[in-house]
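Summary of the model geometry
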Amino acid sequence: MNMSRLTCLFVCVLSCCTAQAGELTVFPMFTDHGILQQDTTVAIWGTAKPGSTVSVTFHEASSKATANPSGKWLARLQTPKAIPGHFDGYDLTISDASESIVLHDVALGEVWIGGGQSNMETPMHRYAVGTAEIPLADHPGIRLYSRGGRDIDGDFSKFKWERCSPEVVKNASATGYFFSRDLHQKLNVPVGFVNMAVGGSPLSAWVKPDWLMADSRTAAYLEAFRATTFPAFIEDRIARLAKWEAMVAEAKAKGEKPNPSWPPVRGAADQPLEAFIGALHVTNTAMVMPFVFKGMIWDQGESGVGYRLKGSYDIIFDIMLQHLREGFGYDLPMVYCQMPKGGAWGPKQHVLVTESAFSEQGDELVPLADLPPKPPKAGPVFDGFAKESETFLRMNALPNCVMATTRDLVAALHPPDKDDYAARFLRVALNQVYGKNVEFFGPMITSAKREGDQIRVSFNYAGSGLTVPSVKPLQGFYITAADGTSTWVSGQVNGNQVILRGPGIETAQTLSYAHTNGGRVLWANLFNLEGLPAYPMTVTIQ
């Protein structure tokens, strides 16, 4: 990074540790080409001589802070509103009595953070949709912060903000880039994105043990884990590593290449509990607190809670979110991705043509399947988000936390349509964070009223209206009688409602749409005109 010293004869090495010999530093989240959240109070911090006064100035705003006995200082600065269409930055100056740091081209705009595992972390160049976009990704108004994975040990000194360019973007988060690009186009102000995701990380890696112990919903789980499950987990790691090392030694003795050539565990086999539970929070997220973000997008779930720690995913996610907000010092909006990814039919869903961790799409569209001969066993009756049987839908009831609907997109370990996934994150952000009139959720049944020999079904999140984007007519609804017998019923879209007809309607008790107890549902085809799929539900017929 390029920094100007005004009165100092040596160059400051940016660090998150305490000041040495009165050295003035600023945390490495603040670099040339950075970005600050507009129209709010932001925090800027670093180190200096204990007791010294540090002044911070930025675009006509200024603030002062005093370094504490450890040499740490934190200043809060009121930022103005960003100017639409203005993508260049301003100087951010940090100074004390003897030296100054000047950071150039620091923009004002919207700053988002991405969290989770590989589907948020994986860079553009790993996907066909990304490599096609890279030559076009010259966006001076987008600022990307590169930082790195599991092994950074809290050291951010080698990372920096950069303006988005084809060279920079190839290693940027694909989801983060497409989200930032589209948000930048919508708001016409600078947008910054910080990728904090780590591939393969379970949820428990982002939740500190003391958080779990302090919560009555999880304390018993952690105690049992520490006493029995974790020692067995470590023993298993030691055994697997020893077996691999013996295989490697045998292969080398024979002059052969070991297969696999990498160890079955990451790092030393025998490590303390804190090296697993909460470790990534400590070395990643906690390090950037209390930086001010507009919101967070989260894509994690394939690795579940992880490390054999028991506990419901939504409860542990809630604990994480509460402590994130406590650490940042504000009510950080959370937009998370529906799990499992895919699972339903979608009109733009393409058949995968390769079999690998990073499968790509072909030109052929996934066809809408015929209805099974018999309807599936209906799921539980929907009784509000908080009581929903599906974990990721229950999370939608948490405060300022909303799910991005993705069930109609490509289903894969690493779905290749990252632009479409980012667009779903964006819909939620525009509506819930920015107050835009943008539909962000698929149709959900609000009532099913019997009217003679038909049922009138009403929906919320119908957007501009309901539609059936397929050659086949509407399908996916079925009714269930008191004896548990289910029957398919046909229907027609009528504006924001659906009218259903079929045998058994007069005595049916519940109505279901695409609601099963697991497995993919490629035979249901109700959407809103915004292209979002109706959500699987079972409701009581009134």
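So, a few notes on the structure that sits alongside this text. Remember, it's a predicted structure, so these values are computed and weren't measured experimentally.

**Re the sheet that holds strand β27 (residues 537–540)**
Overall, antiparallel pairing links the four strands, which are arranged β22-β21-β25-β27 in an open sheet. With partners counted over all chains shown, the strands left at the sheet margins are β22 (486–488) and β27, one partner each. Averaged over all neighbouring strand pairs, the angle between strand axes comes to 25°, with direction disregarded. Here strand β25 (residues 510–513) runs beside β27; their pairing, made up of four bridges, is antiparallel. Opposite L511, over in β27, you have V539 as the bridge partner.

**Quick word on the pairing of strand β23 (residues 490–494)**
Where β23 and strand β24 (residues 497–501) come together, five bridges link them in antiparallel fashion. If you follow S490 over to β24, its bridge partner there is R501.

**Quick look at the sheet that holds strand β18 (residues 444–451)**
Spatially, the four strands line up as an open sheet ordered β18-β19-β24-β23, and their pairing is antiparallel. The two strands at the open ends of the sheet, each matched to only one other strand, are β18 and β23. Pairs of neighbouring strands in the sheet enclose a mean axial angle of 25°, with direction left out of account. Note that strand β19 (residues 454–460) and β24 share five bridges and pair antiparallel. Bridge pairing links S458 to Q497 in β24.

**Thoughts on the pattern of salt bridges**
The full count for this structure, using the stated rule, is 17 salt bridges. Among the salt bridges present, the one from R217 reaches D215, with a minimum N-O distance of 3.0 Å. Since its relative accessible area comes to 33%, R217 is described here as partly exposed. Between R325 and D331 there is a salt bridge, and its shortest N-O distance comes to 3.0 Å.

Reading guide: rules and limits
Residues numbered from 1 in each chain as written. Predicted model: local features only at pLDDT ≥ 70, side-chain atom pairs only at ≥ 80, totals over all residues. Heavy atoms only, no water. Pairing = 2+ DSSP bridges. Helix = DSSP H or I, 4+ residues; strand = E, 2+ residues; numbered from the N terminus. Axes fitted to C-alpha atoms, helices over the stretch in contact; angles between N-to-C directions. Salt bridge = Lys/Arg side-chain N within 4 Å of Asp/Glu carboxyl O. Buried < 20%, exposed > 50% of the residue type's maximum accessible area, 1.4 Å probe, protein only.

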